[in-house]
Amino acid sequence: MTKNEQFIKQSRLEDQAHYLLKERGVKLESIAEIVYDLQKDYIDDLTLDYCLENIIAVMKKREVQNAVITGIEIDIAAERQQFSPVLNDLLMRDEGLYGIDEVLVLSIVNVYGSIGLTNFGYVDKLKPGIIGELNDSKDEHCNTFIDDIVGALAAAAASRIAHSQPQTDEVNFNTTPKESYEDSHEN
């Protein structure tokens, strides 16, 4: 496969991921609002545009595109009753102990390390903004995967922003590991 063919394939995956989000009523700006809320207390000059730029950057990663496409297509297949009655019921009800939806999106949040995971846990619990709207919309639509996909995209973008900030912790390179340990455990 030539480099040009690889680029076209990558572009198609990215386009499909964006298309599916849009078709399911998810605007990247709605995700940016969640990212903003996650990071506003840590970054003084944070803007919604910067949050949106980071979501777009996250969406360029192949593993993210694969998770977005897979999850949304599973939701669509459940709506069309293309699974066994048992699985279809679990998906349409977003059964609380199902958990596969959260496992799938770990491939998105893991791109940005442990902060991605903790950010995802936070938004998955609180369900802010469009995440809550999708989660609460249990009619003829199956939103079992997409609410977690949106949460993972927000968590990953917030984590990407956090990783891009200058280091603010102070590390004293003049001490030995033993001295550092003893200093931190005094009293």
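This section reports on the structure supplied with the text. (Residues numbered from 1 in each chain as written. Predicted model: local features only at pLDDT ≥ 70, side-chain atom pairs only at ≥ 80, totals over all residues. Heavy atoms only, no water.)

Description of the overall build of the protein
Then comes step 1: A tally of helices and strands in the protein yields 10 helices and 0 strands.
Then comes step 2: Counting helices and strands in the order they occur from the N terminus, the protein gives α-α-α-α-α-α-α-α-α-α.
Then comes step 3: For the protein, the spread of C-alpha atoms along the principal axes amounts to about 65 × 45 × 35 Å.
Then comes step 4: Each of the 187 residues in the protein was classed as buried or not, and the buried ones make up 39%.
Then comes step 5: Taking the contacts inside the protein whose residues are at least 6 apart along the sequence as the reference set, 75% of them involve residues at least 24 apart.
Then comes step 6: Accessible surface computed for the protein: about 11,400 Å², of which carbon and sulfur atoms make up 51%.
Then comes step 7: Across the protein, 17 positive and 34 negative side-chain charges occur, with their mean positions spaced 8 Å apart. (Helix = DSSP H or I, 4+ residues; strand = E, 2+ residues; numbered from the N terminus. Buried < 20%, exposed > 50% of the residue type's maximum accessible area, 1.4 Å probe, protein only. Contact = heavy atoms within 4.5 Å. Areas by Shrake-Rupley, 256 points an atom, 1.4 Å probe, with all protein chains shown as cover. Lys, Arg positive; Asp, Glu negative; His and termini not counted. Charge placed at Lys NZ, Arg CZ, Asp CG, Glu CD.)

Examining the pattern of salt bridges
Pairing is possible between side chains that carry opposite charge, provided their charged atoms lie close to one another.
Then comes step 1: Considering all chains together, one arrives at 6 salt bridges under this definition.
Then comes step 2: Here Arg24 makes a salt bridge to Glu79, at a shortest N to O gap of 2.4 Å. Of the two residues, Arg24 is situated in the loop between helix H1 (3-23) and helix H2 (28-39) and Glu79 in helix H4 (residues 62-79); the sequence distance between them amounts to 55 residues.
Then comes step 3: Classification of Glu79 as partly exposed rests on a relative accessible area of 24%.
Then comes step 4: Shared partners join several salt bridges into a network, and the residues in it are Asp89, Arg93 and Glu95. (Salt bridge = Lys/Arg side-chain N within 4 Å of Asp/Glu carboxyl O.)

Brief notes about the packing of aromatic side chains
Describing an aromatic ring pair means giving the distance of the ring centres and the angle of the ring planes.
Then comes step 1: Tallied over the full model, the rule gives 1 aromatic pair.
Then comes step 2: On the numbers, 6.3 Å between centres and 85° between planes, the contact of Tyr98 with Phe145 is edge-to-face. Here Tyr98 is found in the loop between helix H5 (85-93) and helix H6 (100-109), whereas its partner Phe145 is found in the loop between helix H8 (130-136) and helix H9 (146-164), with 47 residues between them in sequence. Of the two residues, Tyr98 and Phe145, both sit in the buried class. (Phe/Tyr/Trp six-rings, centres within 6.5 Å; stacked < 30°, edge-to-face > 60°.)

Looking at the packing of H2 against helix H7 (residues 113-126)
Then comes step 1: Orientation of H2 relative to H7, taken along the N-to-C sense of each, is 115°, at an axis distance of 12 Å. Classified by the angle their axes make, H2 and H7 are roughly perpendicular. Crossing of H2 against H7: the hand is right-handed. Seen from H2, the contacting residues are Ile34, Leu38 and Gln39; seen from H7, they are Asn119, Tyr122 and Val123.
Then comes step 2: Looking at the contact of H2 with H7, its residues break down into 4 nonpolar, 2 polar and no charged. (Axes fitted to C-alpha atoms, helices over the stretch in contact; angles between N-to-C directions. Parallel < 35°, antiparallel > 145°, perpendicular 65-115°, else oblique. Left-handed = near helix turned anticlockwise from the far one by under 90°. Nonpolar A, V, L, I, M, F, W, Y, C, P; charged D, E, K, R; others polar.)

Side note on the nonpolar core
The tendency in soluble globular proteins is for nonpolar side chains to be buried as a group.
Then comes step 1: In terms of nonpolar packing, the biggest core is built from 48 residues, with Leu21, Ile31, Val35, Val68, Ile108 and Leu153 touching the most fellow members.
Then comes step 2: Contributions of two or more residues to this core are made by H1, H2, helix H3 (48-59), H4, H6, H7, H8 and H9.
Then comes step 3: Setting aside its immediate chain neighbours within four residues, Ile31 contacts Val26, Ile55, Val150, Leu153 and Ala154. (Core = buried A, V, L, I, M, F, W, Y, C linked by side-chain atoms within 4.5 Å.)

Structural notes on empty space enclosed by the protein
Then comes step 1: The full count for this structure, using the stated rule, is 1 cavity of 30 Å³ or more.
Then comes step 2: By volume, the largest cavity amounts to about 40 Å³.
Then comes step 3: Together, Leu91, Met92, Asp94, Leu134, Asn135, Ser137, Lys138, His141, Cys142, Asn143 and Thr144 line the largest cavity.
Then comes step 4: Among the residues making up the lining of the largest cavity, the classes are represented as 4 nonpolar, 5 polar and 2 charged. (1 Å grid on protein atoms, 1.4 Å probe; cavity = no way out; pocket = protein on both sides within 12 Å on 5 of 7 lines; lining within 4 Å. Points joined across faces, edges and corners; volume = space filled by probe spheres on them.)

Structural measurements only, silent on function.
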